[in-house]
Structure formats: C-alpha cells, structure tokens
Amino acid sequence: MAFVKVALDVPLPALFDYALEDATAADIVGYRVVVPFGRRNVVGVALAVSATSGIDAAKIKPVIAVLRDVPALNADWCALLQFCADYYHHPLGAAVLAALPAGFKTPAALSPLLWTRLAWSGPPFASKKSERTRAVLAARIAESGEGGIYGYELTGVTPKAIAHLTQWQTEGVIVEARTRREERGGARGETRSEHLEADPFGHDATVSPACPPFLASSAGAPALHPEQAAAVAAITAALDARSSAPMLLHGVTGSGKTEVYLRAAAATLTRGRQALLLVPEINLTPRLLQQVRERFPAQTIVALHSALNESERLHGWLLAHTGAADIVLGTRLAVLTPMPRLGLIVVDEEHDASFKQQEGMRYSARDLAVFRAHREKLPVVLGSATPSLESYAHAESGRYHKLLLRTRAVRDAALPSIRLIDLNITAHEHGVTLPVWAALKARLAAGEQSLVFLNRRGFAPVLSCAGCGWVSACTRCTSYLVLHRQGNAANLRSDGMLARGRLVCHHCGLDTGVPERCPTCGNVDVRAYGQGTQRLESRVAERFADARVLRIDRDSTARKGAAERLLAQAHAHPDAGGADILVGTQMLAKGHDFKRLTLVAALNVDTALFSADFRASERLFAQMMQVSGRAGRTEKPGEVLIQTRNPGHPLFQALLDHDYDRFARALLKERQSAGLPPSGFQAMLRAEAKTLTAALDFLRTAAAEGEDETHVTIYDAVPMTITRLMNVERAQLMVESRSRRALQAFLARWTAWLYGNAPRGVRWHLEVDPLDI
Ligand code: ADP
Ligand code: ZN
Ligand code: ZN
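Residues numbered from 1 in each chain as written. Chains lettered and ligands numbered in written order. Predicted model: local features only at pLDDT ≥ 70, side-chain atom pairs only at ≥ 80, totals over all residues. Heavy atoms only, no water.

Undergrad: Give a detailed account of the sheet that holds strand E4 (residues 40-50), specifying residues and quantitative values.
TA: In space, the five strands of this open sheet follow the order E2-E1-E4-E3-E5, with antiparallel pairing throughout. Since the sheet does not close on itself, it has two edges, and those belong to strand E2 (16-20) and strand E5 (65-67), each with one partner. Strand-to-strand, the axes of this sheet are offset by a mean angle of 50 degrees, without reference to chain direction. As judged from the five bridges shared by strand E1 (residues 2-7) and E2, these two strands associate in the antiparallel manner. Bridging across to E2, Val 6 finds its partner in Phe 16. (Pairing = 2+ DSSP bridges. Helix = DSSP H or I, 4+ residues; strand = E, 2+ residues; numbered from the N terminus. Axes fitted to C-alpha atoms, helices over the stretch in contact; angles between N-to-C directions.)

Undergrad: Residues and numbers for the coordination of the zinc ion (ligand 2), please.
TA: Donor atoms from the polypeptide that coordinate the zinc ion (ligand 2) comprise Cys 465 (SG), Cys 468 (SG), Cys 518 (SG) and Cys 521 (SG), at 2.3 to 2.4 Å from the metal. In primary sequence terms, the donor set of the zinc ion (ligand 2) follows C-x2-C-x49-C-x2-C. Taken together, the residues span a long stretch of sequence, with Cys 465 in strand E20 (residues 462-465) and Cys 521 in the loop between strand E23 (511-513) and strand E24 (526-529) at a distance of 56 residues. The exposure class assigned to Cys 465 is buried, which follows from its relative accessible area of 3%. Taking the relative accessible area as the measure of exposure, Cys 521 reaches 41% and is therefore partly exposed. (Donors = N, O, S within 2.8 Å, 3.2 Å for Na, K, Ca; no water. Buried < 20%, exposed > 50% of the residue type's maximum accessible area, 1.4 Å probe, protein only.)

Undergrad: Describe the packing of helix H2 (residues 75-88) against helix H12 (residues 365-376), with residues and values.
TA: Running from N to C, H2 and H12 cross one another at 135 degrees; their axes reach a closest spacing of 11 Å. One way to sum up the angle between H2 and H12 is to call them oblique. Judged by the sense of rotation from one axis to the other, the crossing of H2 with H12 is right-handed. The segment H2 lies against H12, with Asp 76, Ala 79, Leu 80, Phe 83, Cys 84 and Tyr 88 engaging Asp 367, Leu 368, Phe 371, Arg 372, Arg 375 and Glu 376. Counted by class, the contact of H2 with H12 contains seven nonpolar, no polar and five charged residues. (Parallel < 35°, antiparallel > 145°, perpendicular 65-115°, else oblique. Left-handed = near helix turned anticlockwise from the far one by under 90°. Contact = heavy atoms within 4.5 Å. Nonpolar A, V, L, I, M, F, W, Y, C, P; charged D, E, K, R; others polar.)

Undergrad: Residue-level account of the coordination of the zinc ion (ligand 3), with values.
TA: The zinc ion (ligand 3) binds to the protein through Cys 474 (SG), Cys 477 (SG), Cys 505 (SG) and Cys 508 (SG); the donor distances cover 2.2 to 2.3 Å. Given four donor atoms and angles of 103 to 115 degrees at the metal, the environment of the zinc ion (ligand 3) is assigned as tetrahedral. Sequence spacing of the donors to the zinc ion (ligand 3): C-x2-C-x27-C-x2-C. Here Cys 477, found in the loop between E20 and strand E21 (482-485), pairs with Cys 505, found in the loop between strand E22 (501-504) and E23; they are 28 residues apart in sequence, far enough to count as distant. In terms of burial, Cys 477 and Cys 505 fall into one category: buried. (Tetrahedral: all angles 85-135°; square planar, octahedral: opposite > 155°, others 65-115°.)

Undergrad: How would you summarise the pairing of E20 if you had to cite specific residues and measurements?
TA: Covered by surrounding structure in E20 are Val 462 and Ser 464 together with Leu 463 and Cys 465, the residues of both alternating faces. When E20 meets E24, the two strands line up antiparallel, connected through four bridges. Residue pairing across strands places Val 462 opposite Tyr 529, the latter belonging to E24.

Undergrad: Explain the site of ligand 1 residue by residue, including any values.
TA: Taken together, 18 residues lie around ligand 1, and Gln 228, Gly 254, Thr 258, Asp 593 and Lys 595 are the ones closest in. Per-element tally for the shell around ligand 1: the top contributor is helix H9 (residues 257-270), with three residues. For the shell around ligand 1, the residue count by class is six nonpolar, seven polar and five charged. (Near = heavy atom within 4 Å.)

Undergrad: Quick rundown of the sheet that holds strand E12 (residues 327-330)? Include the residues and the values.
TA: In space, the seven strands of this open sheet follow the order E11-E12-E10-E13-E14-E9-E15, with parallel pairing throughout. Each edge of the open sheet is held by one strand with a lone partner, namely strand E11 (301-304) and strand E15 (401-405). Each strand axis lies, on average, 15 degrees off the axis of its neighbour in the sheet, ignoring direction. Each of strand E9 (247-251), strand E10 (274-278), E12, strand E13 (342-348), strand E14 (380-384) and E15 is contacted by H9, which is oriented at about 170 degrees to E13, the strand it contacts most. Against the sheet, helix H11 (residues 310-321) touches E10, E11 and E12, its axis set at about 130 degrees to E11.

Undergrad: So, the pattern of salt bridges: which residues are in play, and what are the values?
TA: In a structure, side chains of opposite charge can pair up when their charged atoms sit close to one another. Within this structure, the stated rule accounts for 45 salt bridges. A salt bridge links Glu 259 to Arg 263; the shortest N-O distance between them is 2.8 Å. Here Glu 259 and its partner Arg 263 are both found in helix H9, four residues apart, which amounts to about one turn of the helix. Given the relative accessible area of 7%, Arg 263 is considered buried. The salt bridge involving Arg 551 is made with Asp 553; its shortest N-O contact spans 3.1 Å. (Salt bridge = Lys/Arg side-chain N within 4 Å of Asp/Glu carboxyl O.)

Undergrad: Could you give me a rundown of the packing of aromatic side chains, with the residues and numbers involved?
TA: Scanning the entire structure with this criterion turns up 16 aromatic pairs. Where Phe 83 meets Phe 371, the ring centres are 3.6 Å apart and the plane angle is 10 degrees; that geometry is what we call stacked. Of this pair, Phe 83 sits in helix H2 while Phe 371 sits in helix H12, placing them 288 residues apart in sequence. The class for Phe 83 is partly exposed, based on a relative accessible area of 24%. Here the aromatic cluster, defined as three or more aromatic residues joined through ring pairs, consists of Phe 83, Tyr 87, Tyr 88 and Phe 371. Here the basic side chain of Arg 543 rests over the ring of Trp 437, its NZ or CZ set 4.3 Å away from the ring centre. (Phe/Tyr/Trp six-rings, centres within 6.5 Å; stacked < 30°, edge-to-face > 60°. Lys NZ or Arg CZ within 6 Å of the ring centre and 35° of its normal.)

Undergrad: Lay out helix H5 (residues 161-171) with the relevant residues and their values.
TA: Residues Ala 161, Ile 162, His 164, Leu 165 and Trp 168 constitute the buried set of H5. Seen along its axis, H5 keeps its buried residues to an arc of 160 degrees; they face one direction. At its buried positions, H5 is contacted by strand E6 (117-120), helix H4 (132-143) and strand E8 (174-176). In the segment just after H5, Gly 172 is the residue with positive phi, at about 85 degrees. (Arc of directions from axis to C-beta.)

Undergrad: Pulling in residues and values, what's your account of the environment of Arg 273?
TA: Along the polypeptide, Arg 273 turns up in the loop between H9 and E10. In this structure, the C-alpha to C-alpha distance between Arg 273 and Thr 258, residues 15 residues apart in sequence, is 19 Å.

Okay, here's the thing in structure tokens:
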C-alpha cells in the first residue's frame, strides 16, 4: 500500500495521508484527488507519495478518486507553494488551495474541450427548428474559422455547450484548431527545454529586440530610444542566458517603461515561452491590457484579477496552466499561476503596496516573483519610477541589475516643475490656496487638464456637534464614521447635504443615516468637519461652473466597469467630453498617461511626515513623485503645486529636484543605522480576541517563549492603531533581526509553539515582512 500526502484547505501545518494501491509520485503528484475529510468528500492536491505513514494504518482512509482531467500541477509550481508555506509560515494545504480557482476545487471533472481551440470541420450544420442553441454554437465555431474558438468561450451560449461539443467531437465535425503557434512551427504541450533547444521560429538565438513581424502589428510601435533599447537588449540577453538575476528598471515617470515590457514580452514569445506581467490593479490600467492585446493580436492573452467572476477566472487560469496562454496579465494572485512555459516575469510599479496580500497568507507578489524567477532560472524585471527601498538597495549593492531610463520618452516632454506652497503664510479657501485656485483657472482658460489630489475619500472625515462635542464614531471600530454623499447627487451643493448623506465606516463598512440632531444633546447644529474628495469635487464644480469635473476614487469606481468609463472620460479629448479637472485619491497617481494634463495640485499631504510608521516618508515621496509624474507628459510643460505646512522638510527638497536617488540613499542610511528593513528583517504577530487583555496576554506569553533568542529582538505587545475592528480587539507584537536566517529559524520554532498554545477565543496570524505597522 502507498500513502499519498494530500494538501487540503485546512488551517493546520500538515499534509494528510490517504491510501492508494500502487500509487507512485510520478503518477499522482500534482493531480487533484477527492478524499474523505470529516463527514464530507473534499478536493485536495497530491503533493507526495510515501511507503510509510506516521499514522496508524487502520485509521487511514482511501483516496476516492484521482482527477486527471487537467494536466498535473508541475514540480515548479509545487516548489513555489512549498516556498510560500515555509517563508510565510503558513499552512501548506491552505496556501495551495487558496492559489487555485474555485471551479478547480469541485469534484466535477472539467472537459479538456474548455481550453482547446475548436474549429468546424464537418459539413455545415443543418439546423432543425428544435435545435436553435446547437445552431448558435455551430455558427460561433464556424465563424471563428481555422483559428478556432476556445470551448470555454462557448459555455455562455448554453450550460449544455460542453455536452454538445463532446458529441460533435466524437462525430468528427469539430476538430482541434491549428493554433497560430503551431502554424509557426512550435507545438503546444512541448516542455520548455524542447523549446529552448529548437528555436521554433528559426531565429538566431541572439535575436534583435525588435518585435518579430508575425507577433506584433508593428503599427503603433515606436522606435526605441537608446536607453530603452539597452534595457530590452539586457532583458533579451538574460532570457537567452537563463539568467535569473533580477533587473530593476528604474525609469522616470513617462520614460516609456511599458514599451520595454512589450518588447521584452515579444522576445519571450518568439522563444516559445510565456510571459507573466504583474500590475497593481488592472481596472486602473485598462490601457495596458488594451496595449498588450493590440501589440499581440494573434496571441492568447489572459487577464487574471479580482474583478473576474469564478468561471472567467477558472478559464483564464486553465489557459495559463495548460500552456495555451502566451501572456498572463494579472494582479498579485497571478504570481501563483502555474505556467509550464514561463519565460519572463515583469512586475510593473513594483513599489506598489497592492502587491502585498493583506489577509490569509500575507505574501508579497513582488518577492514571490523574484523567488519564482530565481528557482525557474528566468529573468524578472521590476519596474518603477520610485523603486521600493528594498529593491533599490539590491540594485545599489549589485545584486539586482540596474536598467535606467533617465528621460521622458515623448519628444520635448520634460519632468514638471514643482513648487511648494507654504500653508502657514498663504491664504486659502476651503483648504485650497489661492495660488492653486488661480492655477486651475488659468489651465481651464488654456484648455488644459488639471488634477487635484486629495488622499481622503468621502465628503467629510467626521461629523461633530458644536454644542457638546459629540463626534460620529463607529460603534464597532476605533474609528470615525465618514460622511458620504448618497447616491448620484453630483449637483448637490457642498454645504447643504447633511440630510441626504450617509455615515460610513471605512474599516468595517457600517453604513447608517445622518442624525438630524446630536444624539447626545439634541442640538441641531451638527456639522461636517474637514473635506474629502466628494466635498472638494462640489467646491471645484461650484467655482468653475463651466468646467467638467470628474472625481475618481474608490467610491466613484466601485461599480463594475465604472473605473474604465471614468478613466476613458479622463483621457478623452475635450471635444469628446473629456474632463477638465480631475479630483481624486492615490488611484489617480498610478501609471496613467494623461496626455493633456499640465497641472497637478496636491492638498493635505503633511500627516504622513509625522507618522509612527517608518515607511510613511518613503510612501509619501513615492506618491508625490508618481502624482507629479502625471503632469506634462507631452510637449506642454507641466507644473506641480504642493500645499504643505512643512516646506523645509528634506523630503520636499529632494522632490523639488526630482532626485529620487538622493532621497533613497539618505533613507537607506537611516534604516541601516536603525537596523530597519532593508537592513533588518521583521515579522509581526497579531492577535484578535473579545477583550484587549486576552489579545495582549497571549502575545506576552508568546513573547516569553522567545525570550532566550539572541539574534532576534522581540518588542512589547501593543494595541493596534485601529484597536477594535468589527467588535474584535486587536494587538500586535513585532519581532526583528539583522539576520533573515535567524529570524526565519525563530519563526519556524515559534509557529510550532503558537499552533499548540493559542487559547480558545484568541485568533492569531503571523505576517512576515509586514508593510503597514
Ligand atoms: P512610464 O510607464 O515609464 O511612466 P509610459 O510607458 O506610460 O511611461 O510611456 C509614456 C509615453 O511615452 C507613452 O505615451 C508612450 O506611448 C510614449 N513612448 C514610449 N516609448 C516611446 C518611444 N520610444 N518613442 C516615442 N514615444 C514613446
Ligand atoms: Zn451635542
Ligand atoms: Zn467600523
């Protein structure tokens, strides 16, 4: 009897043993298996086979079924997940199952027709009246011509699509289409090494970085600038050398990093390999997906992100996993997509905090991309105008290869001029200084676009009673309820909206009406203090009655398709209804290439200067550089106005010179002497309980467990900033070490203890390399 070690979605750091006659690793590892667990049958993934088991053989249950409908998850993928489990000290089974799409975890078998391109090869379908859906299916396949259509694309026609297709396949009226890749000589399903030995396109291995004509519709692809060409050449060389040294593409805003990614992807595809492009948020960069589709019209492009429904995600994932997809463009979770022909990973805006998963297994997709590339011996490109200090330090030390783009790509475009506006001495109306109002007016007159940046959504951050001092606090969290304008009341005046507003907690989602009187003293004089983007939008619109003002933030883009629509309006020409003034949060700072935008005004940025989180200044600097980077991306010069009470702060001084290097080096020095990342390594243990005392007590006991550690510092347990969330009290405990290895060794011992010793009623999790402190 053999024992199969199965990963199950269970929060315990163990694999589960099941019996299967004659099982061998080669035969079963990487396949899904159906096994009994408790009183249910569940789907898990077989990860190993052993002749023995530590468990009493009589108690071991048998594997019920092995699902071989989909190719096995390969060894590279299993190793990646094992690394995740080890490094983040997360249960392997939970990590494995969380990485798989929901539709892949049900016992029902999936038809290979789903990820096969099908073409019609029989006589035309003769439709009888009773066979309307079959006629539609047949027509869709026939229309797709020789290139064919994926089976999954037909599942929308009828739930019975696969049954019909299966029958047709048996009858021989549909066949697998010759894919475009096969037409060019490469075959689907070959292993990567085969691809490497024979260049399927007959190109010289040191192929020039230019797009091969059959891959790219060369229309629209600009000639590369020398620095871009050098970057593409370096990436191409790394592809051929199978060098896994990470490359930091440090290019100023508007320097044309996207073009470098597209060329690098083209070089990857000509070598018969798949490219993985990771981006912070796809709905914020619909243009990138569009650009990729335009550049590679004949290739299979898959987008993987959280806005997909289950079947969309499953199908995209299957195309990636079976090797049918050439390019996967995805958000952080996509780093865990199995890709049998993977050749290149790109992480765009690598500094972005959205690459960090904030629940379940708290991983950094950027760090996993680097690990994955290293293990699979392929190049990874980390791109940013404001690299994270972690990546920057690696580039400085030579561990990462540095690729620089120092100037803007568009002819005559220059970086914008930045001016600080001292709030201490400048008059303002509604939080906007007079110079900013004047600048907005001037741009409007000139027909140019402006952006007003305010990183606070909602109408006003708090409601308060002028009589007794009552404030709108969340009943479930340690936070204020934020006043929001209700529904689509865009024409409501900035001062007269209380009755139609809502009070919303940004942390737990609690959503209540606005009280007509103070709940404590009955006073009717309840006021909104401060301003968020909604109020600012109203004020700007009131001031410039003729201007088209567009607000872009988490709220205005919440509905499906809204972000695309609003961004299209932001990009549109004024004659086509394009916006004159954009009001928005950091969503607007990310990567957008607004061609007409010449003015950026940043309000309220000071709080980050004095935050307790040591990363706050790094983040603020990056954010200011990024938002500034939206201005002046074509020949018209751009201007940036930053309102601050601290114009003398060194952060702003470096910003004025666009000097990322100076700022980064100074910060690195500080971090070095304080032993903070990237010179030190951290992990955070967090506990949640009904009472704060229970959470703190548990953390203190846990801290005592590590008291003899010599290379690891364990700090005091403290309440989290938002101590209460959804009526749960939360506390945290930082551990730190100058040695990653020492920290990891400690965490391994520590988690073993934590699993065994957490009292009932206390939930805990560990976060390695925490970003928010
Ligand atoms: P980044 O991502 O570095 O901020 P983008 O990739 O958005 O910059 O490029 C900025 C602009 O420069 C885009 O409009 C792009 O089309 C243009 N561009 C990129 N490369 C070139 C080039 N080689 N020649 C001319 N324009 C280019
Ligand atoms: Zn009151
Ligand atoms: Zn709340």
